[in-house]
Amino acid sequence: IATTNAIVAGVQMLEVFKILGALASDKSDEEKGKEIGQVCRYTYCLRDRTRRGNYLQPTSLPAPDPKCFVCRGGPGGTC
């Protein structure tokens, strides 16, 4: 379990570096938000290997839901 936690923490730190890199760019806030959504990924840690032998399964972030209070940019923040 400790090894899995260490791997997941490492993957999370890689995503943090992507976010910080996007925020450090000289783009507008709207462009930075789009860039973060394009470079970041959800990564699932699987119990069994995929057919390719992978235990980590990255997927793209879903688009913000305009009906969601948080995603649509309400006072609660953004997703």
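The rules behind these values
Residues numbered from 1 in each chain as written. Predicted model: local features only at pLDDT ≥ 70, side-chain atom pairs only at ≥ 80, totals over all residues. Heavy atoms only, no water. Helix = DSSP H or I, 4+ residues; strand = E, 2+ residues; numbered from the N terminus. Buried < 20%, exposed > 50% of the residue type's maximum accessible area, 1.4 Å probe, protein only. Contact = heavy atoms within 4.5 Å. Areas by Shrake-Rupley, 256 points an atom, 1.4 Å probe, with all protein chains shown as cover. Axes fitted to C-alpha atoms, helices over the stretch in contact; angles between N-to-C directions. Parallel < 35°, antiparallel > 145°, perpendicular 65-115°, else oblique. Left-handed = near helix turned anticlockwise from the far one by under 90°. Salt bridge = Lys/Arg side-chain N within 4 Å of Asp/Glu carboxyl O.

**Some words on the overall build of the chain**
In terms of regular secondary structure, the chain is built from two helices and two strands. The N-to-C order of helical and strand elements in the chain reads α-α-β-β. Here the chain, with 79 residues, has 10% of them falling under the buried criterion. Look at the contacts in the chain between residues 6 or more apart in sequence, and 17% of them connect residues 24 or more apart. Working note: accessible area of the chain is about 6600 Å², and carbon and sulfur atoms make up 56% of it.

**Re the environment of Asp 48**
Within the element layout of this structure, Asp 48 appears in the loop between β1 (41-45) and β2 (56-60). For Asp 48, a relative accessible area of 60% corresponds to the exposed category. Once you skip the residues sitting within four places of it in the chain, Asp 48 turns out to touch Asn 54 and Tyr 55.

**Quick word on the packing of helix α1 (residues 2-23) against helix α2 (residues 29-39)**
Packed helix pairs are specified by the crossing angle of their axes together with the interaxial distance, meaning the distance between the axes. The contact between α1 and α2 brings their axes to 9 Å, and the two run at 155 degrees. Classified by the angle between their axes, α1 and α2 sit roughly antiparallel to one another. Seen from above, α1 lies across α2 with right-handed handedness. Facing Glu 15, Lys 18, Ile 19, Ala 22 and Leu 23 of α1, the residues of α2 in contact are Lys 32, Glu 35, Ile 36 and Val 39.

**Considerations on the pattern of salt bridges**
Two side chains bearing opposite charge may form a pair once their charged atoms approach each other closely. Inspection of every chain in the model, using the stated rule, returns one salt bridge. The residue Glu 15 makes a salt bridge to Lys 18 at a minimum N-O spacing of 3.1 Å. Here Lys 18 and Glu 15 lie together in helix α1, a separation of three residues that amounts to about one turn. Its relative accessible area of 33% is what places Lys 18 among the partly exposed residues.

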